[in-house]
Number of protein chains: 2
Amino acid sequence: MLNLKKATTEELSARLSELRALYEEYKSRDLRLDMSRGKPGSEQLDLTLPMFESLSAKDTYLTQTGFDTRNYGLLDGIPEAKLLFAELLDVSPDNVIVCGNSSLNLMFDYISTAYAKGLCGSTPWSKLEGVKFLCPAPGYDRHFGITEYFGIENIVIPMTENGPDMDLVEDYVKDPLVKGIWCVPMYSNPDGITYSDETVRRFAALKPAAEDFRVMWDNAYCVHHLTDTPDTLLNIFDEAKTHNSEDLFIELMSTSKISFPGAGVAVLAASARNVADIKSRMTVQTIGFDKLNMLRHVRFFKNADGVNAHMKLHAALLRPRFELVLSMLERELGGRGIAQWHTPNGGYFVSVNVCEGCAKRTVRLLAEAGVVLTGAGATYPYGNDPADSNIRLAPTFPPVEELQVAMELFCICAEIAAIEALI
Amino acid sequence: MLNLKKATTEELSARLSELRALYEEYKSRDLRLDMSRGKPGSEQLDLTLPMFESLSAKDTYLTQTGFDTRNYGLLDGIPEAKLLFAELLDVSPDNVIVCGNSSLNLMFDYISTAYAKGLCGSTPWSKLEGVKFLCPAPGYDRHFGITEYFGIENIVIPMTENGPDMDLVEDYVKDPLVKGIWCVPMYSNPDGITYSDETVRRFAALKPAAEDFRVMWDNAYCVHHLTDTPDTLLNIFDEAKTHNSEDLFIELMSTSKISFPGAGVAVLAASARNVADIKSRMTVQTIGFDKLNMLRHVRFFKNADGVNAHMKLHAALLRPRFELVLSMLERELGGRGIAQWHTPNGGYFVSVNVCEGCAKRTVRLLAEAGVVLTGAGATYPYGNDPADSNIRLAPTFPPVEELQVAMELFCICAEIAAIEALI
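Residues numbered from 1 in each chain as written. Chains lettered and ligands numbered in written order. Predicted model: local features only at pLDDT ≥ 70, side-chain atom pairs only at ≥ 80, totals over all residues. Heavy atoms only, no water.

A. Representation of the nonpolar core. Within the largest apolar cluster, 189 residues are counted, with the highest numbers of intra-cluster contacts made by Phe203 of chain A together with Phe203 of chain B. Those residues in contact with Phe203 of chain B, other than ones at most four positions away along the chain, are Pro164, Met166, Ile181, Cys183, Tyr195, Val215, Trp217, Ile236, Leu248 and Phe249 of chain B. (Core = buried A, V, L, I, M, F, W, Y, C linked by side-chain atoms within 4.5 Å. Buried < 20%, exposed > 50% of the residue type's maximum accessible area, 1.4 Å probe, protein only. Contact = heavy atoms within 4.5 Å.)

Take a look at the structure:
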């Protein structure tokens, strides 16, 4: 395998001609492939279909306590749904609010409340100048989009193999205008990194200057293991207890990638004080969430074991796709010195760092040949990857044959971009 | 029938003793009755149960255009749901956004956007001092609660038989800090009044000083007719077209009281400009709404005719309850000079005005005997009914036998309170 960084100009030129010929061949196929979004595949969704049948018979819509879930009431969720998600997140049901279909919406609403009303009685962020939020990057563009929407300054915190750079985080939180941080602590989007025990403990031990500092602990992939040797994540609330810092953490998850994206159930877990604060807003905001859909989920999954068993079926469908992506990367780009990537144990993405300054060019080459990837830079605040290096691959949705073609072309384009930059 | 206002003190005292004896008798029964909320009864909900069966078979989750509603996408709703609600509201599907389960949530989000970001580029209300909102009263407490939550001053606009007092409205909108008005234009909560053609036309012709003035046109009861001679309401967007004022109106409805409260579908209709403004926020706020639930609704109701036929079944269940309430009021309080009420052609409430200063006392007497009504004052901003007169009766939820007992006691308590005030 030619290490491009050590190759001569002649070798590079020859290789480039070869790659361009290959590229033109793919381009002539008039491809229409989409590898841009972390969407479950159709076979995954089929697994959950029997859920729809669980509520049609008489009285099946009653909770264990006899409450009619078809009617108004139970703002914070039906008891059995609170139990199920409390078990999954290993917290008390009292600390859980079972909500609507979108955990992103819960995060938006939480930041919106901080902005307009203030958290637990503190000054609304709209009344302050220079509010900042920490953004471990590469990270999830829609997190960054929320704080950006409210005019909050997003600050990049580099990701390490153990999670966000905690030295930097600990330094930043001394600033009372730094109001929080976005986290995907398990199988992070896009790197698939799970925060180390030390990282979690350092989060629990944070002493931010701002009384209304919040860690948005988006545990979106907490059950999305891909292998039989999954990562493990410490329970943030257990660790926080020893530091009396439970109020710092807002944990979120949803079943969007367990049952149905858009028709799942989103959940928030927080300290008693935060739960009361959030509920006081919810009483004004809504008449309540969809309890029938909660009950459908409880009837189908039953308990945490049921969810975990279901996720093994997902993993069986997803594993070949991830293996394909990783083996293609290894075969085509391994040893060329132009790309690094993570091998995730779970989550929805493979994150590839191509040569500095080559991400945008690589993505554009693919687009011009009919393959859509997540936009280069999307994994950084303001869409600005300072190294122009990170590309997020989302292998879950396309059929395997299409994924194969898209990956062949990805490797060609990444190498073309690299050589163009080297020559 | 003794007209209490013309009775002698002796007559009043004798009548009061009689009523108090009756009251004690009811009190001793240890009642637990709830007539506080506009909840559908269980028989109404049964009518919609077959909806759950519409999505279990293979491929039934695809839209007409072949889109898989189980997955991400289609932020503003599936095409067939947009068609159904556009037909119901008599607007173009392009002007419709089909959303989650709660129209209250849509209104909260809209006011929240106005507060934090501004509408269509105008100054956020959070940056202004003294923002005001008009509140036709008696009205819906949860409307008033939203503007109160954002620190906006709620201003009472008296309701007339034709809708809000439009002379006052036209006067108030000259103030650029008056930013909007809450409306339930058909079968208003609680009076059951439908805005007259003249009222609707005067709304369409409004020329508010504020460029971001909005009429929150909550058409919650647009298909909730109780009789065979229903009220009619002019189409606000048709009227607005002649004045080029479409941007003033945000229309809302939901199927909460058509299908299931909490598990229905909420809808927003607005001008192209407002729809674009709202969608630009939604792309940050959510990954999308529950499209499977939209599809369930479309499969079950099919079209506007289907909804209207379904609502006739609701009316058949509700009519006897309203007739009971109205006939009890007439029999026990008619001609006594101590109460007026509306006879609604639709909606969910009967609104009673008892003697000035007697609403709180009446509601408390009932509560002490085990019958819960909507709190006195709740139909006014800040829970403050200046005349302490309006009481909202919600006859839809309790079983008819309970409703009968609750109404007997209501009439006794209203009369006791009136005599106590007269003596």
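B. Just the interface of chain A and chain B, in detail. Across the contact, 57 residues belong to chain A and 57 residues belong to chain B. When chain A packs against chain B, the two sides together hide about 5000 Å² of surface, and 53% of this comes from carbon and sulfur. Three residues stand out in chain A for area buried against chain B, namely Arg70, Tyr72 and Tyr149 of chain A, and they jointly supply 16% of the buried area on that side. Our enumeration of links across chain A and chain B arrives at two salt bridges. Across the pair Arg70 of chain B and Asp46 of chain A runs a salt bridge, and its minimum N-O distance is 2.7 Å. Taken together, the links from chain A to chain B amount to 19 residue pairs in polar contact (both at pLDDT 80 or more). For the side of chain A that touches chain B, the secondary structure elements donating two or more residues are α2 (42-46), α4 (103-116), α5 (141-149), α9 (272-285) and α10 (291-301) of chain A. By residue number, the principal contributor to the side of chain A that touches chain B is α4 of chain A, which donates eight residues. (Buried area = accessible area lost by both parts, 1.4 Å probe. Salt bridge = Lys/Arg side-chain N within 4 Å of Asp/Glu carboxyl O. Polar contact = N/O pair within 3.5 Å; in protein donor to acceptor, adjacent residues only side chain to side chain. Helix = DSSP H or I, 4+ residues; strand = E, 2+ residues; numbered from the N terminus.)

C. Seen up close, the sheet that holds strand β10 (residues 339-341) of chain B. Residue and element names in this part refer to chain B. The three strands are arranged β10-β11-β13 in an open sheet whose pairing can be described as antiparallel. Since the sheet does not close on itself, it has two edges, and those belong to β10 and β13 (390-393), each with one partner. Looking at each pair of strands side by side, their axes are set apart by 25° on average, direction ignored. Contacts between helix α12 (residues 359-368) and the sheet are confined to β11 (350-354) and β13, with β13 contributing the most and set at about 40° to the helix. (Pairing = 2+ DSSP bridges. Axes fitted to C-alpha atoms, helices over the stretch in contact; angles between N-to-C directions.)

D. Looking closely at the pattern of salt bridges. All names here are of chain A. A complete count under the given rule lists 40 salt bridges over all chains for this structure. Between Lys279 and Asp76 there is a salt bridge; the shortest N-O distance is 2.8 Å. Of this pair, Lys279 sits in helix α9 while Asp76 sits in the loop between α2 and α3 (79-89), and the two are 203 residues apart along the sequence. Residues joined in a network through salt bridges with shared partners are Arg15, Glu18, Arg336 and Glu415.

E. Structural view of empty space enclosed by the protein. Counted according to the given criterion, the structure contains nine cavities of 30 Å³ or more. One number sums up the size of the largest cavity: a volume of about 420 Å³. Gly100, Asn101 and Asn105 of chain A together with Gly100 and Asn101 of chain B are, among the 30 residues lining the largest cavity, the residues nearest its centre. Within the residue set of the lining of the largest cavity, elements represented by two or more residues are α4 of chain A together with α4 (103-116) and α9 (272-285) of chain B. Class assignment for the residues of the lining of the largest cavity results in nine nonpolar, 16 polar and five charged. (1 Å grid on protein atoms, 1.4 Å probe; cavity = no way out; pocket = protein on both sides within 12 Å on 5 of 7 lines; lining within 4 Å. Points joined across faces, edges and corners; volume = space filled by probe spheres on them. Nonpolar A, V, L, I, M, F, W, Y, C, P; charged D, E, K, R; others polar.)

Just distances and angles here, no functional claims.
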